[in-house]
Amino acid sequence: MVETILDVRDLRTSFYTDEGEVKAVDGVSFSVPKGKTIGIVGESGSGKSITSLSILRLLASNGKVVGGEVRFKGDNLLAYSEKKMRSLRGNKISMIFQEPMTSLNPVFTVGQQISETLIEHQGMSKKAAMAKSVDLLKLVGIPSPDKRVKQYPYELSGGMRQRVMIAIALACNPEILIADEPTTALDVTIQAQILGLIRDLQQRMGMSVVLITHDLGVVAETCDYVAVMYAGQVVEYSDVRTLFRKPKHPYTVGLLKSLPRPDEDQEKLIPIHGTVPSPLHMPVGCRFNPRCPAATDLCREKLPDLFDDGEGNQVRCWIYNEQWPGEKEVDVFGEERTARC
Amino acid sequence: MTKYIIRRLLQTIPVLIGVSILVFSLMHLIPGDPAQIIAGEGAPEKTVEQIRERLGLNEPIHKQYLNYMSGVVQGDLGNSVRSGRPVVDEIKTRFWVTLELATYATILAVFIGLMAGIISAVRHYTFTDTAIMIVALFGLSMPNFWLGLVLIDWFAIGGDWLPAWAKLRPSGWGDSWRQVVLPVITLGTGGAAIIARMTRSSMLEVIGQDYIRTARAKGLTDRVITYRHALKNALIPVVTVVGLEFGGFLGGAVLTETIFAINGMGRLTVQAINTRDFPIVQGAVLVISVLFVFVNLIVDISYKLLNKRIDLG
Ligand SMILES: Nc1ncnc2c1ncn2[C@@H]1O[C@H](COP(=O)(O)OP(=O)(O)OP(=O)(O)O)[C@@H](O)[C@H]1O
Ligand SMILES: [Mg+2]
C-alpha cells in the first residue's frame, strides 16, 4: 500500500449568510496517496472548490471549517497556526484555479508573480528568483520565456496564463498540487495540452495531484483514485478502475449512465431525474434519496455513513449495509447492477 | 496610446471654446444693460456711455466675443473696470495663492483619505470601519463654510491656538504655516472623505478578486497581499478621484478664501462680483475653468496609462 500524503476525514465547512448557515461541505473524506492523482468529481455546487479551499484554509471570511480533519503527512492542518499554514501554501501544497484570466494580478509582470513565491519560501534574491522564473516558464512549455517573463498578464492568452499559474504553483516543488478545474475555461485543444502538462510534470516531479473536474472522461484518463461528491458530501471513493467497472453508489451509476460512450447508442443515455438540492434545504436522510430509484424508508430517514468495503473503497449508501431492508441485489437505473460488496 | 492622447487633446478644443463662450456670456446673461450695471444705478448717462465705449459694448455681440477671444489668446484678459489695471496682473498673484491652497488641501485629502480608506477596508464590517465611515459621511455632508466657521470658533476664538485669518503667499509655508492649517482643513475635509470612501470600496472590490486568492494561495503575508497586491490595483480608480478633487478645490476655494480672508482667486471673484467688475469675474472664471479642463485631461490620460494593463485584459 502506498503512503498516504493527505488524508481528509469528515470535513465540514459552512458559510454564514443572511439566509442562514450554508453547509457547503458536510462530510468529505478521501485520501491522497503519495505520487498519485486523485480526481474529485461532482456537479456544479457540490462543494468541490470549497473542499480544496478548506484544505488550504483559504475560505472567504464568512466561511469556516466547522469539523473534521485534514491530515498532511500526519499533521492536522486545521490545528496549524496561520503562520505555519502560510509557510505551507505555495510551498508544500500549491493550488491552481479555474479562471486563468483573472487569477493573475494584472499590475505585475509574470516574472514578478513567479519570483514572489521563491523569494517568500526559499529566501532567494530577486535576481536568482527571476532567473529561476525563466526556467519555470520553460518547464511549463512557454516559448521564448526570457521575453515572456517581463510581460504582463494581459499580453498572454488564457492557456498561457494557466501555464504561468502552473509555473507559480510548481516553483517550490510542492508535494501536492491541487488543480481546481484547471481547464474548464479553456478551448478544447488547450484543455488537452494543459492536462497533458500536469500529468507529465506530476510524473517528473513525483508529486501528488488533486484534480477537481466534472469531466469523467478526464478522470478516466488522468486519475488513479476518484472521490465522487454529491451535495457537499463524498458519496463514493475508490480506485479509478473499480469506479468505472463497478460503480456502487446509485449517483455514480447515474453519472456513468448519463455519459455518452462510443460503444453504445446515444439513445440509451439516461439522465438522472430531479435536481441537486439547495444547501439551505438538504433532504432528510440520504441526500440523494429524492432522485434515487432505489430509495427506501431507511434512506429517507437516516443519512448513511461512508461504508468501507475492506479494500480501501468507500460508499455512502444503505444498500451496502446490513441494515438495508430491500433486496440484496438492487437494480439501479434499470440496467447496471450494483452488486453488494 | 499616443493616438489616445492626441484624440483627447483634440477633444478639449471644443470644450475650451464652449467654456469661453459661457464665460463671455456671463456679462450678457444678467438682465439689463451691462454698462448700466457696471456704472451702478443712478449713474449719469455720460459715465454709462463711457463704460460702454471702453468695453466695446456697443459693437455687435459676435464681434465683442471675437475681440475678447483675440485678446485672450494673446494673454490679454482686458482691464479691471475699477482699478484700470490689466486683469492678468490682478489675477496673477491671486492665482498662485489659490493653487497653493488647493495643493495643500489635496495633499491633506490624499493622506487622510488613503489611510482611512485602507484601514476601513482591511477591517471591513468591524467597529473601526463603521466609525471611520460615519466620520467620512460627516466630512462629506459638512458644508465648507460651516466647517470653516466651527474651526475658527474652536481653534481661533475659543482656544486662540491658530489664527482665524490667513495670508497665503506664493512663497509657501515660511512664517505662515499656522495660518494655513485651518483653511486647508476646511477645504480638504470633504475631499478626504470622498477619497476614503472611494479607497475603501475600491479595496474591498479588489480584495474579492481571484488574483488576491492566488496571492493567498502562494503563502504571502497579509501585509504583502494588502499593500502590494491589493493596493496597487485599488489605487487606480482613486487616482481619478484625486485629480477631480484637486480641480474641485481650485473652483471650490471661494468659500474657504472668503471665510479666512485669503486673497486668492475665489475671493477676488467674489469681490469683483460685489463691485460689478465684470472683466475680472470673466478672467478669473475663465482661468479656473481652463485649469479644470486641463486637470481633467491629465486625470484621464494617467488613468488610461495606469489602466492599460487591466483594460485590455
Ligand atoms: N462565499 C460563499 N457564501 C455562501 N455560500 C457559498 C460561498 N461559496 C460557496 N458557497 C456555496 O457552497 C456550495 C459549493 O460551492 P463550490 O464552489 O464548492 O462548488 P463546486 O463543486 O466547486 O462547483 P463548480 O463545479 O461550479 O465549481 C455552493 O452551493 C455555493 O453556493
Ligand atoms: Mg468550483
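Residues numbered from 1 in each chain as written. Chains lettered and ligands numbered in written order. Predicted model: local features only at pLDDT ≥ 70, side-chain atom pairs only at ≥ 80, totals over all residues. Heavy atoms only, no water.

### Overview of the overall build of chain B
Helices and strands together make up the secondary structure of chain B, namely 12 helices and 0 strands. Secondary structure elements of chain B occur, N-terminal to C-terminal, as α-α-α-α-α-α-α-α-α-α-α-α. In terms of overall dimensions, chain B has a C-alpha envelope of 85 × 55 × 35 Å along the principal axes. Here chain B holds 313 residues, and 46% of them are scored as buried. Expressed as a percentage of contacts within chain B between residues at least 6 apart in sequence, the contacts between residues at least 24 apart total 72%. Surface exposure of chain B reaches about 16000 Å², of which carbon and sulfur atoms provide 66%. For chain B, the distance from the average position of its 28 positive side-chain charges to the average position of its 22 negative side-chain charges is 11 Å. (Helix = DSSP H or I, 4+ residues; strand = E, 2+ residues; numbered from the N terminus. Buried < 20%, exposed > 50% of the residue type's maximum accessible area, 1.4 Å probe, protein only. Contact = heavy atoms within 4.5 Å. Areas by Shrake-Rupley, 256 points an atom, 1.4 Å probe, with all protein chains shown as cover. Lys, Arg positive; Asp, Glu negative; His and termini not counted. Charge placed at Lys NZ, Arg CZ, Asp CG, Glu CD.)

### Considering the site of ligand 1
All names here are of chain A. Around ligand 1 sit 16 residues, and of these Ser44, Gly45, Lys48, Ser49 and Glu181 come closest. Within the backbone of Ile50, one N or O atom sits 2.9 Å away from an oxygen atom of ligand 1. Asn62 has a polar side-chain atom sitting 3.4 Å from a nitrogen atom of ligand 1. Considered on its own, ligand 1 offers 640 Å² of accessible surface; in the complex 71% of this is hidden by protein. When residues of the shell around ligand 1 are traced back to their parent elements, those giving at least two are β1 (4–17) and α1 (48–55). A per-element tally of the shell around ligand 1 places α1 first, with 3 residues. Taken together, the residues of the shell around ligand 1 sort by class into 4 nonpolar, 9 polar and 3 charged. (Near = heavy atom within 4 Å. Polar contact = N/O pair within 3.5 Å; in protein donor to acceptor, adjacent residues only side chain to side chain. Nonpolar A, V, L, I, M, F, W, Y, C, P; charged D, E, K, R; others polar.)

### Some words on the environment of Ile51 of chain B
As for its position among the elements, Ile51 of chain B is in helix α3 (residues 45–54). Spatially, the C-alpha atom of Ile51 of chain B lies 61 Å from that of Ala230 of chain B, the residues being 179 residues apart in sequence.

### Examining the UniProt feature "domain: ABC transporter" (unreviewed entry) in chain A
Residues given the UniProt feature "domain: ABC transporter" (unreviewed entry) here are residues 6–256 of chain A. Taken end to end, residues 6–256 of chain A comprises 39% helix and 29% strand; its first and last C-alpha atoms sit 27 Å apart. (UniProt positions renumbered as here; feature names shortened; annotations may be inferred.)

### Describing the environment of Val88 of chain B
Residue and element names in this part refer to chain B. Among the secondary structure elements, Val88 is positioned in helix α5 (residues 87–122). The exposure class assigned to Val88 is partly exposed, which follows from its relative accessible area of 24%. Once residues lying within four places of it in the same chain are set aside, the contact partners of Val88 are Gly75, Asp76 and Leu77.

### Brief notes about the packing of aromatic side chains
Enumeration according to the criterion identifies 8 aromatic pairs over all chains in this entry. Between Tyr230 of chain A and Tyr251 of chain A the ring centres are 4.6 Å apart and the planes differ by 55 degrees, which places this aromatic pair in the tilted class. Taken together, the positions of Tyr230 of chain A in strand β9 (residues 225–230) and Tyr251 of chain A in helix α10 (residues 250–257) put the pair 21 residues apart, joining distant regions of the chain. The pair formed by Tyr230 of chain A and Tyr251 of chain A is uniform in burial state, with each residue classed as buried. Judged by centre distance (5.9 Å) and plane angle (40 degrees), the rings of Phe24 of chain B and Tyr68 of chain B are tilted. Of this pair, Phe24 of chain B sits in helix α1 (residues 2–29) while Tyr68 of chain B sits in helix α4 (residues 61–73), and the two are 44 residues apart along the sequence. An aromatic cluster is present here, built from Tyr230, Tyr251 and Phe288 of chain A joined pairwise through their rings. (Phe/Tyr/Trp six-rings, centres within 6.5 Å; stacked < 30°, edge-to-face > 60°.)

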